[in-house]
Each structure stands twice: as C-alpha cells, then as structure tokens.
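Here are the chains, one letter per residue:
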Amino acid sequence: MVTGPSRASEKCVFCDIVARRSPAWIIYEDEGTMAFLDIFPFTRGHLLVIPKHHGARLTDLPFEQQTALVRSLDEVCRRVERLTDDYNVALNAGARAGQIVFHVHFHVIPRYGESNPFRATSRPPLTELEARTLVAELAGD
Ligand code: AMP
Ligand code: ZN
C-alpha cells in the first residue's frame, strides 16, 4: 500500500510521482521503492532513490522500509557504475541541511572529474533528449 503525506493539504511532489499523478524519468522500481532522474541534475545521470511510503526523513521510516531503500540504493549505484565508477551518495535531512522536498530521498550523483558541482550557481533543467538517453542506459538489467 502506498501512503501519502499525513494531511491532504500537505502536497508531496514525490508522492505524486509514486501515484503517477506527476511524470518522472523512472530508471528503477520495485514494490517499496523507486528511482528517477533529478530534473535539475548536478551532473549527468543525477538520480533520486525514494521509498514509496511517505516519510520526511530516514528516521521516520520503519526498519523494513529503510532496509528496502538501501537495497534499492545499492541497485541504483550498480546502474550508475555503467556511467562512471565515481559518484556521491547524499541525503539531506532538514531545511538547514538543504532539504527542499520533505519525502526522504538519497541523491546519487555521478562524478566525471568536474570541480565541485554542489556549488553551481545554476542547475540547467534536464532535457528530454538527455533523459531519454539516460533511461536507455540505466533502466533495465
Ligand atoms: P533536496 O534538496 O535534498 O530536498 O533535493 C530535492 C531534489 O529533488 C532536488 O535536487 C530537485 O532538483 C529534485 N526535484 C524536485 N522536484 C522534482 C521532480 N518533480 N522530479 C525529479 N526531481 C525533482
Ligand atoms: Zn511524499
């Protein structure tokens, strides 16, 4: 079962993606988790890995969901290794740590030798052409 944010007034963009009310470039999905391309990627192939159940932060999730999320993170990292051996995994918890979407997510950010991408002043949106190419590279076994 997929649950959304606790109050109907608290709209959650990632719950909308899980419920297929909003589009996403999904590269991996299983019963409890999903991974899709970040629409404002720090680098090529920047992905987000989320639980299907809503929770603002990792410590809100029951243990089984945490386990499922980390298993999914491992699968997604293996797929990112099709692009590069180097990547960052990040989790922002709380506004002062940079969390903007309050549905827990791991970022997987491939690195190709660029200088610190996290300080970029602008993050150009993902293009459809790039997204289609990445889905072809990353989705599927
Ligand atoms: P955080 O700062 O850790 O909360 O990161 C939230 C991330 O979600 C940012 O990198 C956004 O670019 C990304 N994001 C927001 N809305 C969407 C969306 N509809 N589809 C894909 N990524 C999104
Ligand atoms: Zn949510």
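Anything mentioned here points back to the structure above.
No experiment lies behind these values; they were computed from the predicted model shown.

(A) Representation of the coordination of the zinc ion (ligand 2). Taken together, the protein donors to the zinc ion (ligand 2) comprise Cys12 (SG), Cys15 (SG), His54 (ND1) and His103 (ND1), at separations of 2.0 to 2.3 Å. Taken together, the four donor atoms coordinating the zinc ion (ligand 2) span angles of 105 to 118 degrees at the metal, a pattern that classifies the geometry as tetrahedral. Mapped onto the sequence, the donors of the zinc ion (ligand 2) take the spacing C-x2-C-x38-H-x48-H. The exposure classification of Cys12 matches that of Cys15, with both residues buried.

(B) Molecular detail of the site of ligand 1. The environment of ligand 1 is made up of 17 residues, and the closest members are Asp38, Gly98, Ile100, His105 and His107. Between an oxygen atom of ligand 1 and a side-chain N or O atom of Asp38, the distance comes to 2.5 Å. A distance of 2.9 Å separates an oxygen atom of ligand 1 from a polar atom in the backbone of Val101. About the coverage of ligand 1: the protein hides 87% of its 510 Å² of free accessible area. More than half of the atoms of ligand 1 fall within 2 Å of the grid points belonging to the largest pocket. Elements with a minimum of two residues in the shell around ligand 1: helix H1 (13–18) and strand S2 (33–37). A total of three residues in the shell around ligand 1 trace back to one element, the largest contributor, which is H1. In terms of residue class, the shell around ligand 1 is built from ten nonpolar, five polar and two charged.

So, how was this worked out
Residues numbered from 1 in each chain as written. Chains lettered and ligands numbered in written order. Predicted model: local features only at pLDDT ≥ 70, side-chain atom pairs only at ≥ 80, totals over all residues. Heavy atoms only, no water. Donors = N, O, S within 2.8 Å, 3.2 Å for Na, K, Ca; no water. Tetrahedral: all angles 85-135°; square planar, octahedral: opposite > 155°, others 65-115°. Buried < 20%, exposed > 50% of the residue type's maximum accessible area, 1.4 Å probe, protein only. Near = heavy atom within 4 Å. Polar contact = N/O pair within 3.5 Å; in protein donor to acceptor, adjacent residues only side chain to side chain. Areas by Shrake-Rupley, 256 points an atom, 1.4 Å probe, with all protein chains shown as cover. 1 Å grid on protein atoms, 1.4 Å probe; cavity = no way out; pocket = protein on both sides within 12 Å on 5 of 7 lines; lining within 4 Å. Sits in = over half its atoms within 2 Å of the grid points. Helix = DSSP H or I, 4+ residues; strand = E, 2+ residues; numbered from the N terminus. Nonpolar A, V, L, I, M, F, W, Y, C, P; charged D, E, K, R; others polar.

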